[in-house]
Amino acid sequence: MPPGLVSTEIAFADDTRGLLLNTGTATTDCQTQTVSLGKTVDGAASWQQVPQTGIANAMCKAGLASADPTHAFLRTNSPNAGSLIYRTADAGATWTASAPFPIPPNLASHGAQWVNITERPRAFGSVVLVGGGAGQTKDVFRSTDGGATFTYASTVAAEGIVAYVTATRWLQILPPDQSMETIDGGATWHPYTTDYSQAAPIAPDVVFGDANVGYATVRGAIQRTTDGGAHWTTIKTPGTV
């Protein structure tokens, strides 16, 4: 990888194939930021640089997410422009930006001119889900064309990450006893009973690998569920005794 890079994100599609995002130092207010990409096909034993086209220098980049060995996504951010989602269908060689995000009702009522995406995209086939926002709420957006265009899907509390279990079942794990669930893609939400608990006073970062297995992490601790989020057990944090 080239020298002088300040941030690295890695996203694996399976146990051997993954992409690496290197970002250069951003200019003031994320006006521009260059990126380079790497890939591995042997579980990170070795990496090769990926010559890429399509990712513009404008705005900061983050949120690399691999959907499968060929499809991946990343998001852009700037305090002075709306976020976009870049997508690739050839393992990172070429990228295309999404259309601008629509302004959701809760932001439109305050005169917002753009949407700030803050979470990693999550793909289920051609359906891509992603969240963002500011203040006391966050908004979830849905794409049904592989990330080319997005529509507003739902507004939730800002405290917790939305964990996408399936394309239509999502969770917000908010201990103690404040977790919420939707089974209709955000149209309605209801309280969700889970035994997840933690000592930290902040919401965990939660991600699901499939409809049953998920992981929650906060301040270095990791918990795992194998039943879709109802029950959780603590697992050993890698690199600790």
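Computed from a predicted structure; not experimentally measured. (Residues numbered from 1 in each chain as written. Predicted model: local features only at pLDDT ≥ 70, side-chain atom pairs only at ≥ 80, totals over all residues. Heavy atoms only, no water.)

## Some thoughts on the sheet that holds strand β20 (residues 233–235)
Link 1 in the chain: Strand order in this open sheet of 4 strands is β17-β18-β19-β20, and the pairing throughout is antiparallel. Looking at the sheet topology across the chains shown, the edges are occupied by β17 (205–208) and β20. Each adjacent strand pair in this sheet contributes to an overall mean axis angle of 30°, direction not counted.
Link 2 in the chain: The pairing of strand β19 (residues 221–225) with β20 spans 3 bridges and is classified as antiparallel. Along β20, the bridge assignment pairs Ile 222 with Ile 235. (Pairing = 2+ DSSP bridges. Helix = DSSP H or I, 4+ residues; strand = E, 2+ residues; numbered from the N terminus. Axes fitted to C-alpha atoms, helices over the stretch in contact; angles between N-to-C directions.)

## Some words on the pairing of strand β11 (residues 137–143)
Link 1 in the chain: Among the 7 residues in β11, 5 count as buried, and that is most of the element.
Link 2 in the chain: Here strand β10 (residues 127–132) pairs with β11 via 5 bridges, running antiparallel. By the bridge assignment, Val 130 is partnered in β11 with Phe 141.
Link 3 in the chain: Of the pairings in the sheet, the one linking β11 to strand β12 (residues 151–157) comprises 6 bridges and is antiparallel in character. In the sheet register, Phe 141 faces β12, and the bridge partner there is Tyr 152. (Buried < 20%, exposed > 50% of the residue type's maximum accessible area, 1.4 Å probe, protein only.)

## Looking at the layout of surface pockets
Link 1 in the chain: As a volume, the largest pocket reaches approximately 880 Å³.
Link 2 in the chain: Lining the largest pocket are 30 residues; nearest its centre among them are Arg 120, Pro 121, Asp 205, Val 206 and Val 207.
Link 3 in the chain: Among the secondary structure elements, those contributing two or more residues to the lining of the largest pocket are β1 (7–12), β5 (60–66), β6 (72–77), β9 (122–124), β13 (162–164), β17 and β18 (214–218).
Link 4 in the chain: A per-class count over the lining of the largest pocket returns 19 nonpolar, 5 polar and 6 charged.
Link 5 in the chain: In this structure, the second largest pocket encloses a volume near 180 Å³.
Link 6 in the chain: Forming the boundary of the second largest pocket are 14 residues, of which His 71, Phe 73, Thr 88, Ala 89 and Gly 146 lie nearest the centre.
Link 7 in the chain: A breakdown of the residues in the lining of the second largest pocket according to their chemical character gives 6 nonpolar, 6 polar and 2 charged. (1 Å grid on protein atoms, 1.4 Å probe; cavity = no way out; pocket = protein on both sides within 12 Å on 5 of 7 lines; lining within 4 Å. Points joined across faces, edges and corners; volume = space filled by probe spheres on them. Nonpolar A, V, L, I, M, F, W, Y, C, P; charged D, E, K, R; others polar.)

## Quick look at the sheet that holds β6
Link 1 in the chain: Across the sheet, which stays open at both edges, the 4 strands sit in the order β5-β6-β7-β8 with antiparallel pairing between neighbours. Both outer strands of the open sheet, β5 and β8 (96–97), are each paired with one neighbouring strand and no more.
Link 2 in the chain: As judged from the 2 bridges shared by strand β7 (residues 85–88) and β8, these two strands associate in the antiparallel manner. Each residue of the ladder has a partner; that of Tyr 86, found in β8, is Ala 97.

## With respect to the side chain of Thr 76
Link 1 in the chain: Tracing the sequence through the fold places Thr 76 in strand β6.
Link 2 in the chain: Judged by relative accessible area, Thr 76 falls into the buried class, the value being 0%.
Link 3 in the chain: Side-chain polar atoms of Thr 76 contact the backbone nitrogen of Leu 84, separated by 2.9 Å.
Link 4 in the chain: Every residue in contact with Thr 76, bar those within four places of it in the chain, is listed here: Met 59, Cys 60, Lys 61, Gly 82, Ser 83, Leu 84 and Tyr 86. (Polar contact = N/O pair within 3.5 Å; in protein donor to acceptor, adjacent residues only side chain to side chain. Contact = heavy atoms within 4.5 Å.)

## What to know about unusual backbone geometry
Link 1 in the chain: Even without a glycine there, the phi angle at Ala 44 is positive, about 80°.
Link 2 in the chain: Mapping Ala 44 onto the fold places it in the loop between β3 (35–40) and β4 (48–50).
Link 3 in the chain: For Arg 219, which is not glycine, the phi torsion reads 50° and is therefore positive.
Link 4 in the chain: Among the structural elements, Arg 219 can be located in the loop between β18 and β19.
Link 5 in the chain: Of the residues examined, Arg 219 reaches a relative accessible area of 64% and is grouped as exposed.

## As for the environment of Phe 141
Link 1 in the chain: The residue Phe 141 is located in strand β11 in this model.
Link 2 in the chain: C-alpha separation for the pair Phe 141 and Phe 101, spaced 40 residues apart in sequence, amounts to 8.2 Å.
Link 3 in the chain: Leave out the neighbours within four places in its chain, and Phe 141 touches Phe 101, Pro 102, Pro 104, Val 115, Ile 117, Val 128, Leu 129, Val 130, Phe 150, Thr 151, Tyr 152 and Ala 153.

## Focus on the pattern of salt bridges
Link 1 in the chain: What the rule picks out here adds up to 4 salt bridges.
Link 2 in the chain: For Arg 17, the salt bridge goes to Asp 14, with nearest N and O atoms at 2.5 Å.
Link 3 in the chain: By relative accessible area, which is 36% here, Arg 17 ends up partly exposed.
Link 4 in the chain: Here Asp 14 falls in the partly exposed class, since its relative accessible area comes to 25%. (Salt bridge = Lys/Arg side-chain N within 4 Å of Asp/Glu carboxyl O.)

It is worth stressing that arrangement in space is one thing and function is another; only the former is reported here.
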